[in-house]
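Tertiary structure, described
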Amino acid sequence: MRAIQLAVAFVATLAASAGQVQAGVLYLSDNSNNLRAIDPDTFTVSNIGSLGTNFLWSGLAHDPNADILYGVDGRAGTFDLFTINRLTGAATSVGSHGVPELFGLAFDSTNNVLYSSQLHVTEQLYRLDTTSGAATLVGPLTGSPGIGGLAYDSLRDQLIGWHDFGGEIYSIDRNTGATSLLTNGPSASDGGLAYDADRDLIWGVDITSGGTLFSLDPNASYTRTNHLTGIGGQPTGLAYINSSFVPAVPEPSSLTLFGIGACMAGVGGARRRRREK
C-alpha cells in the first residue's frame, strides 16, 4: 500500500512539473565587463561570467533565428562586433565595425538584419554585417538628440529607439534612419532596450539608482514601470532570450506513462521479494 501511495505522489509531481510554463531570460552586460542574467518573473540576478574585455560595453542583441547573442563596444574599445557565449559570458570578436559611440543594438528577426545606433558624434543608424562586423551607414537619426538603446518589436515589425538622458521613445525608419516620436518618457541615462515577445513588453536597463531594470508597455503608450534597482556594475546592454530557447519539458502524458510504468514495476518487484522470503 505504501509503495502505491509513493507511486501516485511521484506521478503527480511529474505531471505538475510538466505543466509549468517555461519563461525567457534577460541578459545584461555592464561596465565591469560581466554578463549577467535576470529572471523577468522573480527579478533574481545571476552572474554568468566575465566578457573577457577591458572597455566600456554597450548594446546587446539576440538573433533568434540562429540563436546568437551579439554585443558591441561603445567607447574606449576596439570598435568590434562580438558574439557572446551566454553560458560562460566569453566574448569573441567577429570583426571591426570601426564606428565610435555605437551604443544601441537590435536584431530585426523578420529581415535578418542587425542594427546599431550611434549615440554621440554624428548620431546615425548603421547595419552591421554579422559575418565580418563591418558597418554600413543607413542614415542620420533625424529629429533625435541621441538614441542609446535599440529594440526590435517583432509583433509590430518596428525598430524602437530610446533617447538617452531624455527618455523619449521613437520609432525608427530602417531604410533612412528617420525617427518618429511615440511618447515622452521619464529621464534615463546610458542604457539598453530589449523586446520580450512572450509578454509583449519592452525591457530597459540604465545606470540610474545603481542600475535600474524597467519595462515599457507598448499597449499603454509605453508606460514605464520600474522593477529592480541597485543592480550594480553600471548595466548598459540588454537582450531578451525568449522561451523557445528554454529546454523543452516532455508532454505530461509521456511523463505520466513513464512514471506509472516505473513505479508499478517497483511495486511488483517489492511484492515478489516479499513472497520469496
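Residues numbered from 1 in each chain as written. Predicted model: local features only at pLDDT ≥ 70, side-chain atom pairs only at ≥ 80, totals over all residues. Heavy atoms only, no water.

What follows concerns the overall build of the protein. Helices and strands together make up the secondary structure of the protein, namely two helices and 20 strands. In the protein, which comprises 277 residues, the proportion classed as buried is 47%. Long-range contacts, defined here as pairs at least 24 residues apart, represent 50% of the contacts in the protein between residues at least 6 apart. Summing over all exposed atoms, the protein offers an accessible surface of approximately 12200 Å²; the carbon and sulfur share of this is 53%. (Helix = DSSP H or I, 4+ residues; strand = E, 2+ residues; numbered from the N terminus. Buried < 20%, exposed > 50% of the residue type's maximum accessible area, 1.4 Å probe, protein only. Contact = heavy atoms within 4.5 Å. Areas by Shrake-Rupley, 256 points an atom, 1.4 Å probe, with all protein chains shown as cover.)

Within the structure shown, the criterion is met by two aromatic pairs. Ring geometry for Phe43 and Trp203: centres 6.2 Å apart, planes at 65°, overall edge-to-face. In this pair, Phe43 sits in the loop between strand S2 (34-38) and strand S3 (45-50) while Trp203 sits in strand S17 (residues 201-206), placing the two residues 160 residues apart along the sequence. Between Trp162 and Phe214 the ring centres are 5.3 Å apart and the planes differ by 70°, which places this aromatic pair in the edge-to-face class. Taken together, the residues span a long stretch of sequence, with Trp162 in strand S13 (residues 158-163) and Phe214 in strand S18 (residues 212-217) at a distance of 52 residues. (Phe/Tyr/Trp six-rings, centres within 6.5 Å; stacked < 30°, edge-to-face > 60°.)

Take the sheet that holds strand S1 (residues 25-30) next. Ordered in space as S3-S2-S1-S20, the four strands form an open sheet in which the pairing is antiparallel. Pairing within the sheet leaves two strands with one partner each, and these edge strands are S3 and strand S20 (235-241). Across the sheet, the axes of successive neighbouring strands diverge by a mean angle of 25°, strand direction being ignored. As judged from the four bridges shared by S1 and S2, these two strands associate in the antiparallel manner. Bridged to Ser29 within S2 is Leu35. (Pairing = 2+ DSSP bridges. Axes fitted to C-alpha atoms, helices over the stretch in contact; angles between N-to-C directions.)

Attention now moves to empty space enclosed by the protein. Leftover empty space is mapped by rolling, across the atoms, a probe with the size of a water molecule. Counted under the stated rule, the structure contains one cavity of 30 Å³ or more. One number sums up the size of the largest cavity: a volume of about 40 Å³. Lining of the largest cavity is provided by 15 residues; of these, Gly59, Leu60, Leu105, Gly192 and Leu193 occupy positions nearest its centre. When contributions to the lining of the largest cavity are tallied by element, the ones reaching two or more residues are strand S4 (56-63), strand S8 (102-108), strand S12 (147-153), strand S16 (192-196) and S20. In terms of residue class, the lining of the largest cavity is made up of six nonpolar, nine polar and no charged. (1 Å grid on protein atoms, 1.4 Å probe; cavity = no way out; pocket = protein on both sides within 12 Å on 5 of 7 lines; lining within 4 Å. Points joined across faces, edges and corners; volume = space filled by probe spheres on them. Nonpolar A, V, L, I, M, F, W, Y, C, P; charged D, E, K, R; others polar.)

Here we come to the environment of Gly95. Here Gly95 lies in strand S7 (residues 91-96). Along the primary structure Gly95 and Phe82 are separated by 13 residues, whereas in three dimensions their C-alpha atoms are 7.4 Å apart. Setting aside anything within four residues of it in sequence, one finds Gly95 in contact with Asp80, Leu81, Ser132 and Gly133.

On to the side chain of Asp200. Here Asp200 is to be found in the loop between S16 and S17. By relative accessible area, Asp200 is classed as buried at 14%. At a separation of 2.8 Å, a polar atom in the side chain of Asp200 contacts the side chain of Arg156. One polar contact links Asp200 to Tyr195, side chain to side chain, over a distance of 2.7 Å. In contact with Asp200, other than residues within four places in its own chain, are Leu155, Arg156, Tyr195, Asp217, Pro218 and Asn219. (Polar contact = N/O pair within 3.5 Å; in protein donor to acceptor, adjacent residues only side chain to side chain.)

On to unusual backbone geometry. Most peptide bonds take the trans configuration, and most residues that are not glycine carry a negative phi. We note that Asp67 has phi near 55°; this positive angle belongs to a residue other than glycine. Structurally, the position occupied by Asp67 is in the loop between S4 and strand S5 (68-75). The backbone of Ser221 shows a phi angle near 55°, a positive value even though the residue is not glycine. Positionally, Ser221 belongs in the loop between S18 and strand S19 (223-228). Using a relative accessible area of 55% as the deciding quantity, one classes Ser221 as exposed.

Right, let's talk about the confidence of the model for the protein for a bit. Interpretation of the predicted coordinates at a detailed level should be avoided for regions scoring low in pLDDT. Within the protein, residue pLDDT values average 82, and 79% of them lie at 70 or more. Of all helices and strands in the protein, the one with the weakest mean pLDDT is helix H1 (residues 2-18) (43), whereas strand S10 (residues 124-128) scores best (97). Scored below 50 in pLDDT, residues 247-265 makes 18 contacts in the model with residues more than four places away or belonging to other chains. The low-confidence segment residues 270-275, where pLDDT is below 50, has one contact with residues more than four positions distant or belonging to other chains. (pLDDT = per-residue confidence, 0-100.)

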